[in-house]
Amino acid sequence: MGNSLNIHDHYSLLKGGLKRFVLGAAILVLLSACSEQLSSNRPYILTTATSGGAFYPIGVAMATISKSQLQPNHNISLSAISSAGSLENVKLLRDNEAQFGILQGVFAAWAWDGDGPIRNPQTGMRSVSALWFNVEHFVLLSSLVENGTISDLGNLQGERFVLGARNSGAEQSGRFILETLGIDYENGMNLAYMGYEGAASAMQDGNVVGMNVPAGAPTSAITQAFAQMGNDITLLTFSQEELDALNKRYDLWDWYDFPPGTYPNLDVLVRSIASPNVLVVRSDVPDEVVYRVTKMIWENLGTLQDIHAATKDMKLERALRGMVAPLHPGALRFYREIGLEVPPHLIME
């Protein structure tokens, strides 16, 4: 019959099918190997904040250094992305959409404990290093200043004050500071929500009486405001009692002095407080990767300081200051190698 097959035909078909199967399997193996190679070459994501602050340009600098120093010999690199800031960074790390992140110190503490605006403890987060200081800039119209400390904010009666952009790190840390110090901002202030540059412009236009700008110093929004308004605005200070109250829950803040000339028309020393920003990482990132990144940051501190003035605050002896989450084993290895004393609460072995 025309449709019948003899033994030879069956053998030829079987042989041809076997060849196609082997070829297909080989292609799958090759594609899988290529995929693995591409995956191994993919940079680790470092999440920062908006482009207007210090987080993003410093993150980009770290990523650039990693590509020139770590990628050629160790196949390790970072890629910096912008974000809404610390709160979003915690979520990106949790969901593995980023592997490294820069956080305000208080957000790192909240994330580890499941405190403040972060409901659940982020047990998969590990510390890498304290970075530069996040300096508290609470600015108020001089005409509303009484004693010059942050307690003056408790005297506002319906005036518009910018606590930060809505759901930003500035807003959340500002709320924490005011609530901790017993300042009834909800009833006293008419809260406005803006980014740093927008808040500075609003002060110049007379639309708000003050703003909260937690950032590395000098920061452009405060420079802009003092250049335009000079003695018409005041950087509020803190009392020792207020500093102690803030550190009662998390020991993060230290005194921070603005030398004369830090900002235009600021010709006297002004004292504020500051807490460190911190670099954190997912616990499942390989130890060798975190070790190399930690080592890279501290061996290239001079380069970072040339790129952004805020990093001039960074010192190796303060690398472990203000961190709550335990160190990643890769970072711990680096600090032990250089002989830095590591507090027991940062060791998880």
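Residues numbered from 1 in each chain as written. Predicted model: local features only at pLDDT ≥ 70, side-chain atom pairs only at ≥ 80, totals over all residues. Heavy atoms only, no water.

Enquirer: Mind showing me how you'd approach the pairing of strand β5 (residues 138-141) here?
Expert: Strand residues, when the strand is regular, have side chains that alternate between the two faces of the sheet. Both faces of β5 are covered, namely the face carrying Phe 138 and Leu 140 and the face carrying Val 139 and Leu 141. As judged from the three bridges shared by β5 and strand β8 (residues 210-212), these two strands associate in the antiparallel manner. From the neighbouring strand, Phe 138 faces β8, where its bridge partner is Asn 212. Where β5 meets strand β9 (residues 233-235), three bridges bridge the pair, whose relative direction is antiparallel. Bridged to Leu 141 within β9 is Ile 233. (Buried < 20%, exposed > 50% of the residue type's maximum accessible area, 1.4 Å probe, protein only. Helix = DSSP H or I, 4+ residues; strand = E, 2+ residues; numbered from the N terminus. Pairing = 2+ DSSP bridges.)

Enquirer: Which parts of the structure should I look at to understand the side chain of Ser 275?
Expert: The topology assignment puts Ser 275 in strand β11 (residues 270-282). When residues no more than four places from it in sequence are discounted, the contact partners of Ser 275 are Trp 132, Phe 133, Asn 134, Glu 136, Leu 252 and Trp 253. (Contact = heavy atoms within 4.5 Å.)

Enquirer: It is not clear to me how the sheet that holds β5 should be interpreted in this structure. Could you clarify?
Expert: In sheet architecture, strand pairing relies on hydrogen bonds along the backbone and comes in two forms, parallel and antiparallel. Ordered in space as β7-β6-β8-β5-β9, the five strands form an open sheet in which the pairing is mixed. Edge positions in the sheet fall to β7 (190-192) and β9, since each has one partner strand and no second. The average undirected angle you get between the axes of adjacent strands in this sheet is 25°. Where strand β6 (residues 160-162) and β7 come together, three bridges link them in parallel fashion. Paired with Arg 160 across the strands is Asn 190, a residue of β7. (Axes fitted to C-alpha atoms, helices over the stretch in contact; angles between N-to-C directions.)

Enquirer: In this structure, what is going on with unusual backbone geometry? I would like to understand it.
Expert: Negative phi is the rule for most residues except glycine; trans is the rule for most peptide bonds. The amide bond that connects Ala 217 to the next residue, Pro 218, takes the cis arrangement and shows omega of -5°. Tracing the backbone shows Pro 218 in the loop between β8 and α9 (220-229). Positioned with a positive phi, Asn 75 is a non-glycine residue whose angle comes to about 55°. Mapped onto the secondary structure, Asn 75 falls in the loop between α3 (71-74) and β2 (78-81). On the accessibility criterion, Asn 75 (34% relative accessible area) is partly exposed. Residues other than glycine seldom take positive phi values, yet Asn 96 does so here, at roughly 60°. When you line up the elements, Asn 96 lands in the loop between α4 (86-94) and β3 (100-104). Relative accessible area serves as the criterion here: at 39%, Asn 96 is assigned to the partly exposed category.

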